[in-house]
Every structure is written in structure tokens, then in C-alpha cells.
Amino acid sequence: MKEMFPERAYMKKGEIKQIDKDAFERIRGTNRVKRGFARMTKGGVIMDVTSVEQAHIAEDAGAVAVMVLDKLPIDVRRAGGVARPASIPIIKEILDTVTIPVMAKCRIGHTYEAKVLQETGADCIDESEVLTPADEWRHIWKWDFVTPFVCGALDLGSALRRIEEGAAMIRTKGEPGTGNVAEAIRHIRLVNDGIREIKAHYKANDTQQLMAKAREMKVSYEIVVETAALGRLPVVNFAAGGISTPADAAEMMLLGCDGIFVGSGIFKSEDPLQRASAIVLATAYWDSPEVVYEAQEMVNEQKAMLGLTGPEMKFSMQERGADS
Amino acid sequence: MSKSTIQIGILALQGDVLEHELMMNAVLANKGIDSKILWVRRPEQLDSLDGLIIPGGESTVMSRLVSEMRFGHKLAAKIQERVQKGMAVFGTCAGAILISKASKDQVVKDFSQALLELMDIEVIRNRYGRQRDSFERPLTIERLGNEPFPGVFIRAPIITSVGKKVEILAKDAGGIYAVKQGKLLATTFHPELTDDTRFHELFLEMILND
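The rules behind these values
- Residues numbered from 1 in each chain as written.
- Chains lettered and ligands numbered in written order.
- Predicted model: local features only at pLDDT ≥ 70, side-chain atom pairs only at ≥ 80, totals over all residues.
- Heavy atoms only, no water.
- Helix = DSSP H or I, 4+ residues; strand = E, 2+ residues; numbered from the N terminus.
- Rg over C-alpha atoms; globule rule 2.2 N^0.38 Å.
- Buried < 20%, exposed > 50% of the residue type's maximum accessible area, 1.4 Å probe, protein only.
- Contact = heavy atoms within 4.5 Å.
- Areas by Shrake-Rupley, 256 points an atom, 1.4 Å probe, with all protein chains shown as cover.
- Lys, Arg positive; Asp, Glu negative; His and termini not counted.
- Charge placed at Lys NZ, Arg CZ, Asp CG, Glu CD.
- Salt bridge = Lys/Arg side-chain N within 4 Å of Asp/Glu carboxyl O.
- Polar contact = N/O pair within 3.5 Å; in protein donor to acceptor, adjacent residues only side chain to side chain.
- Pairing = 2+ DSSP bridges.
- Axes fitted to C-alpha atoms, helices over the stretch in contact; angles between N-to-C directions.
- Right-handed = clockwise from strand over helix to strand, strands pointing away.
- Phe/Tyr/Trp six-rings, centres within 6.5 Å; stacked < 30°, edge-to-face > 60°.
- Lys NZ or Arg CZ within 6 Å of the ring centre and 35° of its normal.

A. Spatial organisation of the overall build of chain A. Helices and strands together make up the secondary structure of chain A, namely 13 helices and 10 strands. Taken against the 2.2 N^0.38 rule, which gives 20 Å for 324 residues, the C-alpha radius of gyration of chain A at 19 Å falls within 12% of a compact globule. Along the longest, intermediate and shortest principal axes, the C-alpha atoms of chain A span 55 × 50 × 40 Å. Within the span of chain A, comprising 324 residues, buried residues form 62% of the whole. Considering only contacts in chain A between residues 6 or more positions apart, those separated by 24 or more positions represent 65%. Carbon and sulfur atoms make up 51% of the accessible area of chain A, which totals about 12,500 Å². Side chains of chain A carry 41 positive and 47 negative charges; the gap between the two charge centres is 5 Å.

And the structure:
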């Protein structure tokens with residue numbers, strides 16, 4: 001039976017289990033439950049929100065989840081200083097008013113911040129380069145949490161390093177707050193090219209080269225083989241960082257992403273509900289150009305977020321974090 | 001129903017479509033049926049189907065995409081029409097919510113969503129709380145034999161009441177987890193995330209024994 005569904009084998013590895021001592025013998029925090037949560041968001045759009053009002057608009061537009069943060073990425077760049085997670089009362093209020101999953105961002109390597117977010121009841125924690133990294137050397141050891149984590153990656157090596165630290169979901173880093181999809185495209189292409197390469201070694205039975213790749217990427221040989229055999233990342237992989245139009249979303253799906261994160265693109269535009277609905281439509285129907293056309297027709301380029309480039313960007317978020 | 005012409009589809013707008021596809025394809029191959037699963041996104045694709053799987057995912061997103069005009073593609077009416085003509089439906093988690101007659105939310109009391117209203121069951125969404133309360137537990141399901149079924153509950157709903165024509169497949173003091181009504185099958189958990197194909201086999205049986 002196990003050979004029938006090889007992509008499910010990983011679900012038994014390195015997990016934390018919490019067994020409730022009630023009559024039902026529930027086991028919480030298993031890999032199956034954490035990575036399964038991410039699998040339920042596939043084909044959907046996760047939207048950055050900073051207030052209850054925005055969370056309502058996102059839910060109404062058909063968001064599959066909301067991501068709560070204190071400032072949208074473009075404002076993080078403008079404000080400068082240290083960017084930290086959203087205020088707890090705002091997270092709590094959003095948790096109480098929307099029925100879709102609520103995610104929240106914590107700083108890279110800040111284990112205690114993540115513990116606090118787990119206490120709020122947030123459904124998923126994003127260890128995010130949008131906030132100022134707290135630990136220059138390490139990411140959070142995410143196996144220790146019952147709550148699933150999503151982490152950014154900019155190539156196959158960084159994706160696999162995060163998965164080996166316990167991330168239940170990966171997203172491209174892209175370059176948040178720029179309104180420019182180019183970096184997200186670059187990152188998913190690097191992930192795809194990396195997988196194609198190890199898959200070729202795997203097909204050729206070249207164990208030595210697979211080992212060399214594992215050393216190069218600073219990950220275990222096992223996860224390289226697992227990924228090569230699957231021909232894809234062993235967890236759900238979303239696109240993030242610079243997606244602003246329905247066609248941007250469809251492009252990322254075309255490149256093999258499982259779903260879409262939209263940050264500043266929605267609530268920094270002048271037509272948020274319209275734009276959010278259009279991105280949801282384009283993501284669900286990404287392989288039907290005539291529907292993506294309809295979605296693209298729903299938004300007005302003149303109302304799009306202007307975005308930042310060059311020196312205005314001030315700094316690159318994708319390079320932040322240890323072992324990025 | 002002839003084995004050679006059978007066609008099963010999965011509503012592929014959002015959710016864990018691939019997991020259902022892999023499992024259903026394995027079940028079909030195992031029974032020697034030469035048919036591949038269809039990913040359904042457009043109403044006309046439903047015309048050829050003997051069975052439709054509605055996967056796990058976010059029920060609000062799926063219900064908006066199948067029924068709201070601003071998303072353009074009115075799949076809901078077509079699904080209802082095909083069920084009247086005998087198409088079988090299997091809903092897991094969000095899929096079970098979507099085919100129910102009525103749904104409430106555990107936290108947000110004034111919440112409402114468009115449903116397909118195919119099955120005479122009432123559900124409460126997110127019954128166990130948030131993701132950290134998601135869990136696995138073995139379930140005893142007599143219809144599937146003595147071996148317990150691995151229940152994977154992810155932000156799961158619960159079935160609170162069922163109509164007279166509904167057969168309860170799994171229940172205990174905590175609530176109702178799996179039900180069958182004619183050619184409709186629903187589970188509040190995710191068989192597609194396990195290695196156990198018995199629910200997918202049961203669904204195929206329901207289609208074949210027409």
C-alpha cells in the first residue's frame with residue numbers, strides 16, 4: 001500500500017505528537033495534520049491583512065486564509081526600523097470574526113514570538129523575512145510546534161533546509177512590497193530547475209551526484225532522494241512576493257505553484273475587493289486563459305499599487321535570515 | 001453501470017484535488033477499470049460524469065466559486081441537476097459541508113454560505129476549534145470491516161443531525177463523522193490523506209451498483 005502513495009510516506013517523520021487524555025485518544029500536531037492543513041489551502045489565495053475590515057474583505061473575496069501583520073510589506077519598507085508581528089488584540093479580533101484560517105507572521109529565528117503566536121490560536125505561523133530577522137544564525141526549530149509553519153525559499157536548497165527544520169509549507173520569497181513579480185518567478189524557476197536536476201541524477205541512479213547535491217545544499221541525502229523521487233517538493237509550495245494582478249497569479253500557477261500569497265498588492269490598490277476576487281478567480285482557473293482574461297478585465301491598471309523599485313526599495317527582503 | 005464507460009471527476013477549483021485523484025485512480029486500476037479521473041472546472045464537464053468527488057479545502061472559497069455570479073461560472077445548478085439524474089457525489093470535510101442542507105460556524109454565529117443542499121444533513125464548521133486542535137484518531141466503521149479507519153480531522157466540521165433517509169456510517173458520543181444517503185457519501189475527515197482506500201472503494205461500489 002505504501003508504494004501506492006509515495007508522497008504520503010514523509011508524514012511519519014520527525015513529528016511532535018500530543019495525545020489528549022480524553023476518551024477519544026486524539027493525536028494532535030502530527031505531520032499528517034500539519035502538512036495536511038497546508039494541502040487544504042491548495043489552489044487558493046492567502047491575503048495579507050492588517051485589520052478586521054481588511055480580513056472581512058479578504059474572506060468575502062474568497063481568500064483561502066488571511067495573513068495578519070502589523071504593516072503591509074510596502075509600508076514596512078517605507079517605515080524602516082524594526083518590523084515585528086501584529087498586535088495580539090488585532091490577531092485575536094480577526095480570529096473571532098472570520099471563519100477561514102488565520103495565519104500570522106513572526107520574525108526569523110524568534111522561537112518565543114512563535115510560541116506566543118501559537119498561544120493566540122493562529123492556524124499557521126509564517127517565519128517571515130518581511131519582519132526584521134531576530135536570529136542571524138538560525139531559523140526556528142519548527143518540529144517542536146503543534147501549529148504548522150510556512151517559510152520563504154529562494155531556491156531548492158533553501159526550501160529543503162526549511163522543510164528539514166519542520167516547515168509544513170513553503171512559499172517563494174519573491175521581493176515583497178515591490179509590486180514586481182520578477183523575483184517570485186526567479187525563485188520558483190530556481191526551485192523547479194533544482195528539482196529537475198536531482199530528478200535526472202535519481203533517474204540515472206547516480207548516488208554519488210545526489211550526495212554531492214545534498215552537501216552543496218546543506219541538507220540530508222534522504223530529503224534529496226525523497227524530493228527527486230517525487231519530482232516536486234514534499235510539502236505544498238506557494239508563490240509570494242510581488243504578485244499584484246490576476247495574470248501574475250495565473251503565471252505563478254503555470255510555473256507549478258500550488259497557490260498564491262498576495263501581500264501589499266490588494267490593500268494598496270484602489271480596488272481591493274474587486275482585485276482580490278479577480279485574483280481568486282484567476283488562481284482557481286489558471287489553466288483557462290479565457291477566464292484569466294475575465295479576471296484581468298475586472299481590475300483597472302490605473303488603480304494598481306504603484307510598487308517600489310531601485311533605490312526606493314531601500315533593502316532586499318529576500319536576502320534576510322540565516323542560511324536564506 | 002458498465003465498468004468500461006465509468007467516469008469519475010473531482011471538483012478542482014480549490015483544495016486537495018491531487019490526493020483524491022491519486023487514490024481514486026489507484027482504486028480504479030486495482031479493480032481493473034480503465035478510466036482516469038477528470039478535473040472538473042466547467043459545467044459542461046459534468047455531463048459525462050457518473051460520480052463527482054468534492055475534495056477537502058475551504059468550503060467558503062468553493063461555495064463562492066461554484067455559486068456566485070461574480071465568479072461567473074454557475075457550477076452549482078449543474079451539479080444539482082446532474083445529481084437529480086443519478087450522479088453520485090462523495091464529499092470530504094469541506095466537500096461534506098458543501099453538500100449539506102445547512103451549515104453553522106462554531107465561532108462566527110452570524111456566518112452563512114451558499115450550499116449545494118444535496119444531502120439531508122446539518123453540519124457545524126470548525127467544530128473542534130482551530131488548526132492546533134486538528135487531530136488524528138482511529139474510527140470504528142462497521143460498514144468497512146473490523147480494521148479501524150485512520151481518521152484525519154483538519155479544522156473539521158461535525159454532522160449534528162441527519163434526516164430519515166440518511167445512513168450513519170460512523171458516530172460516537174462526540175458526534176457523526178460519516179454518512180451515506182442513496183448515491184451520496186460524506187465524511188468530516190480526510191480518507192485521501194491516508195493510505196486506506198476503503199472509502200474510495202465504497203464510493204466506486206455505489207456508482208457500479210446502480
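B. Molecular detail of the interface of chain B and chain A. On the side of chain A, 60 residues touch chain B, which itself brings 50 residues to the contact. Where chain B meets chain A, there are 9 salt bridges. For the salt bridge of E19 of chain B with K42 of chain A, the shortest nitrogen-to-oxygen distance reads 2.9 Å. Between chain B and chain A we count 26 residue pairs in polar contact (both at pLDDT 80 or more) in total.

C. Broad picture of the sheet that holds strand β3 (residues 45–49) of chain A. All names here are of chain A. A barrel is described by the order of its strands in space; here 8 strands give the closed sequence β3-β4-β5-β6-β7-β8-β9-β10, paired in parallel fashion. Across the sheet, the mean angle from the axis of one strand to that of its neighbour is 30 degrees, orientation sign disregarded. Alignment of strand β9 (residues 236–239) against strand β10 (residues 259–262), held across 2 bridges, turns out to be parallel. Its bridge partner lying in β10, A239 is registered against I260. Contacting β7 (149–153), β8 (169–172) and β9, helix α7 (residues 182–203) crosses the sheet at an angle of about 130 degrees to β8. The strands that helix α12 (residues 272–284) touches are β3 and β10; relative to β3, the one it contacts most, it runs at about 155 degrees.

D. Geometry of unusual backbone geometry. Residues and elements named next belong to chain A. A positive phi angle, close to 60 degrees, is found at N205, a residue other than glycine. Note that N205 resides in the loop between α7 and α8 (207–217). According to the relative accessible area criterion, N205 is exposed, its value standing at 66%.

E. Broad picture of the side chain of D248 of chain A. Residue and element names in this part refer to chain A. Mapped onto the elements, D248 comes out in helix α10 (residues 246–254). Here D248 is buried and forms no salt bridge, its nearest opposite-charge partner R275 lying at an N-O distance of 7.3 Å. One polar contact links the side chain of D248 to the main-chain amide nitrogen of S244, over a distance of 2.9 Å.

F. Just the pairing of β10 of chain A, in detail. Residues and elements named next belong to chain A. Burial of the side chains of β10 extends over both faces: G259 and F261 are buried on one face and I260 and V262 on the other. Note that β3 and β10 share 3 bridges and pair parallel. Across the sheet, residue M47 finds its bridge partner in β10, namely V262. A crossover connection joins β9 to the parallel β10 through α10; in handedness this β-α-β unit is right-handed.

G. Highlighting the packing of aromatic side chains. Applying the stated criterion to the full structure yields 11 aromatic pairs over all chains. With 5.5 Å between their ring centres and 50 degrees between their planes, F153 of chain B and F189 of chain B make a pair best called tilted. Here the residue F153 of chain B occupies a position in strand β8 (residues 149–153), and F189 of chain B occupies one in the loop between β12 (184–187) and α5 (198–208), the gap between them amounting to 36 residues. Like F153 of chain B, the residue F189 of chain B is buried in the burial classification. Across the ring face of F135 of chain B, the terminal group of R26 of chain A is positioned such that the distance to the ring centre comes to 4.7 Å.

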